[in-house]
Amino acid sequence: MRNNDLSSFARKEYHGSVYNLQPLPHQQSWDLFCKKAFQGNPCPSHLEDLSRDILKRCEGLPLAVVAIGGLLSTKENSLDKWERVYRCLGAELESNDKLVSMKKILSLSYFDLPYYLKLCFLYLSIFPEDFFIGHMTLIRLWVAEGFVEAKGGMTKEEVAEGYVNELINRSLVQVAKKRYDGRSKSYRIHDLWREIVVSKSREQNFVSFASAEKVRRLSVHTNLENIQINCFTRLRSLLVFSIEDPLSMLSKVVSFGKGTRLLTVLDLRGTDLKTFPEEIVKLVHLTYLSLRETEVKLIPKSIGNLKKLETLDLKLTRVIELPEEILKLQYLRHLLLSSDKRLNDCYYGFHIVSGFKAPKGIGSLTSLQKLCYIETDNGSKNSIVFNELGKLTQLRKLHILRLPQEDGKVLCSSLEKLNNRQSWYVGAKEEDEIIDLDSLSSVPRQLRTLYLKGCLQNLPHWIHSLHNLTRVCLWWSKLRDVDPLQSFQDLPNLVCLHLVVACEGEGLCFKAGGFQSLKCLWLIQMEGLKWVRVEAGSMPLLEEAYLYDCKSMKKLPLGIVHLTNLKRLELVYLSDSLIASLNRDLKGGDYLKIAHIPEVVTGDSKSGIWKITYL
């Protein structure tokens, strides 16, 4: 059934079984396609590549395979005519009788949607074909567009998350990537669904991809010459996905004052911007502004003109400081800024990530839900900033870089006031500086991710009580005489554990019954680590393990054969003797201990040159 909620209800009420239909495997799809397109005959060789391209667009959906195969069966086996169908599949969905029934059947799911979900679903047409739609990006855009209202004590973002889940349950949206804890990271829509949603958007003048006099939303996938900017009179949203000269286009859009006075969403991510366009500060109704992945370095003081702004996305730009005028943006909910793409990859060094220096008065932005990444400076205002963080009671995500040791207690005092935190990242000022968070007396139970980067004398006493933690990262902790595994092994929801220069002991023992939910493990740059032992019953769900730069390890982890769910193992920059022992032709070697793992990556340093080998 297409609606998972309905099928679950039927199972409970009538004590039946639910069969979750999966896409057809490739070979079955191909057999079905040939049966319809060639009446069971083999595919002509000159059409095979194109046929497989067409079949790929069906993505295993039987109805799509049958409908398109039936359509092609009416065509001559001419490469030109088949290419025309492939290129114009969207138009064929509109006009060809062979596909009308498929469109009608697929459209039933759309017509069954409540009004608020129809808007959210139609909005998916704004993204290019095969585009991976980020989970939080989609939610922030829906909120900025006014599709979502807070209700029942929930934030708008939490309500929007429910909308996404409804679309997933109805099979209208596919989860493209998942996080280790099972949460969705990005989405896409089936190619044929996209054709339908684009068609519906055009019918209702919901989104335009070139021009329309009354269009409210413009999605730019091509260059400027294809866009008739002078037609816009009611433009609300402008999203640019591929254009060589965004500044020129923006200048022309803004020059038509009446056309942009209501603009609320502007997304210029990934465009070739070097400077902050001054035209933006004239768009006083903006609620959403993204300059992510551009080369912008400075944000002007005039940013204070955008008093309705709720999302300011400057991730992966070159901005390192914000003007004090940012404090005028009292509706700001998401302030996102970082300069490095390798946010979760500490292997490249301690200071690979940089954020921005928070201005005095940051506590006045009381609507903030996400604040990352903020840095301290060498001045005396650090304690003032940390005190003010306690006023941001709506914060869900807080990332702090370069925390001086002496300010740990001040920070803890503020953190105790933030009861909504779900993600917390604290990095020390320098690699050898201690993070002092032990004075924190209460920690929110809903904390899901914890990143601590810097020396720890001991693990904070409150860690073992965080039963909702799904991800823990200890970077450069350099723990001595402390076994970090003891504090984490009983956390029931922990799915990801990163230990990078985390402890200086010789061994780690994963005890029986521990880490029952763990799926991903990193052990990186543990120079003193000589042995790892995995007892039977530990980490039963582990899927990925990465051991990098642990050169003192001479042997595989003892008990690795117990990790029967392990799908990927990477052993890189370890001792040559360990890597050599994995040679499948070596008698008495360790190859059989890892033969059950589908994908094993090893590093070999013979002749001083590292080489990656897939066993």
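In this text, all values refer to a predicted model and were calculated from it rather than measured experimentally.

Rules used throughout
Counting starts from 1 at the beginning of each chain's written sequence and moves along it residue by residue. Totals for whole chains, interfaces and linings use every residue, but because this is a predicted model, local features are given only for residues with pLDDT of at least 70 and side-chain atom pairs only at 80 or more, for both listing and counting. To get the side-chain values, all heavy atoms of the structure are used, and hydrogens and water are removed first. Each reported salt bridge corresponds to a side-chain nitrogen of Lys or Arg within 4 Å of a carboxyl oxygen of Asp or Glu. Relative accessibility decides the category of a residue: with a 1.4 Å probe and only protein chains considered, values under 20% of the type maximum give buried, values over 50% give exposed, and everything between is partly exposed. Helix numbering and strand numbering both begin at the N terminus, where a helix is a DSSP run of H or I of at least 4 residues and a strand a DSSP run of E of at least 2. For two strands to count as paired, DSSP must find a minimum of two bridges between them. Points on a 1 Å grid over protein atoms alone make up a cavity when a 1.4 Å probe fits among them but cannot get out, and a pocket when they form an open set with protein on both sides within 12 Å along at least five of seven lines; lining residues each have an atom within 4 Å of a point. Grid points are joined across faces, edges and corners, and a volume is the space filled by probe spheres set on the points. Only Asp, Glu, Lys and Arg are considered charged in this grouping, and only Ala, Val, Leu, Ile, Met, Phe, Trp, Tyr, Cys and Pro are considered nonpolar; every other residue, Gly among them, is considered polar. The contact criterion used is simple: two residues touch if any of their non-hydrogen atoms lie within 4.5 Å. Nonpolar cores were defined as sets of buried Ala, Val, Leu, Ile, Met, Phe, Trp, Tyr and Cys residues, with membership established by side-chain atoms within 4.5 Å. Take the number of residues in a helix, subtract one, and multiply by 1.5 Å to get its expected span. Orientation is described by axes fitted as lines to C-alpha atoms, over the contacting stretch for helices, and by angles from 0 to 180 degrees between their N-to-C directions. Roughly parallel means an angle under 35 degrees; roughly antiparallel means over 145; roughly perpendicular covers 65 to 115; every other angle is labelled oblique. Crossing handedness is defined as follows: a turn of the near helix away from the far one that is anticlockwise and smaller than a right angle gives a left-handed crossing, while the clockwise case is right-handed. Two rings from Phe, Tyr or Trp (for Trp, the six-membered ring) form a pair when their centres sit within 6.5 Å of each other. Planes less than 30 degrees apart are called stacked, planes more than 60 degrees apart edge-to-face, and all others tilted. We call a charge positioned over a ring when the NZ of a Lys or the CZ of an Arg lies within 6 Å of the ring centre and within 35 degrees of the ring normal.

**Quick look at the pattern of salt bridges**
Moving on, step 1. Inspection of every chain in the model, using the stated rule, returns 23 salt bridges.
Moving on, step 2. In this structure, the salt-bridge partner of R188 is D191, at a minimum N-O distance of 3.8 Å.
Moving on, step 3. In this structure D191 comes out as buried when scored by relative accessible area, which is 7%.
Moving on, step 4. One salt bridge in this structure joins D272 and K274, with 2.7 Å as the shortest N-O distance.

**Quick notes on the environment of W82**
Moving on, step 1. Mapped onto the fold, W82 is located in helix α5 (residues 79-87).
Moving on, step 2. Taking relative accessible area as the criterion, W82 reaches 0% and is therefore assigned buried.

**A few points about the pairing of strand β5 (residues 237-240)**
Moving on, step 1. Neither face of β5 is exposed, since S237 and L239 on one face and L238 and V240 on the opposite face are all buried.
Moving on, step 2. Where strand β4 (residues 217-220) and β5 come together, four bridges link them in parallel fashion. The partner of V220 across the bridge, within β5, is V240.
Moving on, step 3. When β5 meets strand β6 (residues 265-267), the two strands line up parallel, connected through three bridges. From the neighbouring strand, S237 faces β6, where its bridge partner is V265.

**So, empty space enclosed by the protein**
Moving on, step 1. Under the definition given, this model contains five cavities of 30 Å³ or more.
Moving on, step 2. Taken together, 13 residues line the largest cavity, and the ones lying closest to its centre are L521, A545, L547, P557 and L563.
Moving on, step 3. There is about 70 Å³ of room inside the second largest cavity.
Moving on, step 4. For the lining of the second largest cavity, the secondary-structure elements that each account for two or more residues are β12 (397-403) and β13 (423-428).
Moving on, step 5. Among the residues forming the lining of the second largest cavity, the class breakdown is five nonpolar, two polar and two charged.

**Details of the sheet that holds strand β2 (residues 174-178)**
Moving on, step 1. The antiparallel open sheet is built from three strands, whose spatial order is β1-β3-β2. Across the chains shown, the open sheet's two edge strands, defined by having one partner strand only, are β1 (133-134) and β2.
Moving on, step 2. Direction of pairing for β1 relative to strand β3 (residues 184-188): antiparallel, over a ladder of two bridges. By the bridge assignment, I133 is partnered in β3 with Y187.

**A short note on the environment of L542**
Moving on, step 1. With respect to the element layout, L542 can be found in the loop between β19 (531-534) and β20 (544-548).
Moving on, step 2. Taking the C-alpha atoms as reference points, L542 and C496, separated by 46 residues in sequence, lie 9.3 Å from one another.
Moving on, step 3. Setting aside chain neighbours within four positions, we find L542 in contact with L518, K519, C520, L521, L563, N565 and L566.

**Examining the nonpolar core**
Moving on, step 1. Ranked by size, the top nonpolar core spans 127 residues in total, and within it L289, L371, L389, L474 and F488 carry the most contacts.
Moving on, step 2. Ranked by the residues each element gives to this core, the list is headed by strand β18 (residues 520-524), at five residues.
Moving on, step 3. Ignoring any residue separated from it by four or fewer positions in sequence, one finds L289 in contact with L266, F276, I280, L306, L309, T311, L312 and D313.
Moving on, step 4. Core analysis: the next-biggest nonpolar cluster, separate from the first, contains 64 residues, I54, A64, F121 and A144 among them.

**Looking at helix α4 (residues 62-73)**
Moving on, step 1. If you check α4, its first and last C-alpha atoms are 16 Å apart, about what 12 residues at 1.5 Å a residue would give, namely 16 Å.
Moving on, step 2. Buried residues of α4: A64, V65, A67, I68, G69, G70, L71 and L72, and no others.

**Observations regarding the packing of helix α9 (residues 135-145) against helix α10 (residues 156-169)**
Moving on, step 1. The geometry of α9 relative to α10 is characterised by a closest axis approach of 9 Å and an angle of 115 degrees between their N-to-C directions. The angle between α9 and α10 places the two elements in the roughly perpendicular class. The handedness of the crossing between α9 and α10 is right-handed. The segment α9 lies against α10, with H135, L138, I139, W142 and V143 engaging K156, E157, A160, E161, Y163, V164 and L167.

**So, the packing of helix α3 (residues 48-58) against α5**
Moving on, step 1. Across the interface, α3 lies against α5 with an axial gap of 10 Å and an inter-helix angle of 15 degrees. With respect to α5, the element α3 is oriented roughly parallel. In this structure, α3 crosses over α5, and the sense of that crossing is left-handed. Taking contact as the criterion, the partners of L50, S51, D53, I54 and R57 in α3 are, on α5, L79, W82, E83 and Y86.
Moving on, step 2. Looking at the contact of α3 with α5 residue by residue, the classes come out as five nonpolar, one polar and three charged.

**As for the packing of aromatic side chains**
Describing an aromatic ring pair means giving the distance of the ring centres and the angle of the ring planes.
Moving on, step 1. Here the structure, examined in full by the defined rule, presents 20 aromatic pairs.
Moving on, step 2. Consider the rings of F38 and W82, whose centres lie 5.4 Å apart with planes at 5 degrees: the pair is stacked. Remark: W82 occurs in helix α5 and F38 occurs in the loop between α2 (26-37) and α3; sequence separation between them is 44 residues.
Moving on, step 3. The exposure class assigned to F38 is buried, which follows from its relative accessible area of 5%.
Moving on, step 4. Aromatic pair Y116 and Y163: ring centres 4.8 Å apart, planes at 35 degrees, arrangement tilted. In this pair, Y116 is assigned in helix α8 (residues 115-123) and Y163 in helix α10, connecting sequence segments 47 residues apart.
Moving on, step 5. Look at Y163 and you get buried, because its relative accessible area is 8%.
Moving on, step 6. Feature note: the residues Y123, F127, F131, F147, F206 and F241 constitute an aromatic cluster, connected by ring pairs.
Moving on, step 7. In this structure, R217 packs its charged tip against the face of F206, placed 4.3 Å from the ring centre.

**Some words on unusual backbone geometry**
Peptide bonds are, in most cases, trans, and in most cases residues other than glycine have a negative phi.
Moving on, step 1. Of note, the bond from C372 into Y373 is cis; its omega dihedral lies within 30 degrees of zero at -10 degrees.
Moving on, step 2. By the element assignment, Y373 lies in strand β11 (residues 370-375).
Moving on, step 3. The backbone of D481 sits at a positive phi, close to 55 degrees, despite the residue not being glycine.
Moving on, step 4. Locating D481 in the fold gives a position in the loop between β15 (471-475) and α16 (484-488).
Moving on, step 5. Residues other than glycine seldom take positive phi values, yet F515 does so here, at roughly 55 degrees.
Moving on, step 6. Within the secondary structure, F515 sits in the loop between β17 (507-510) and β18.

This is a description of form; function is not addressed.
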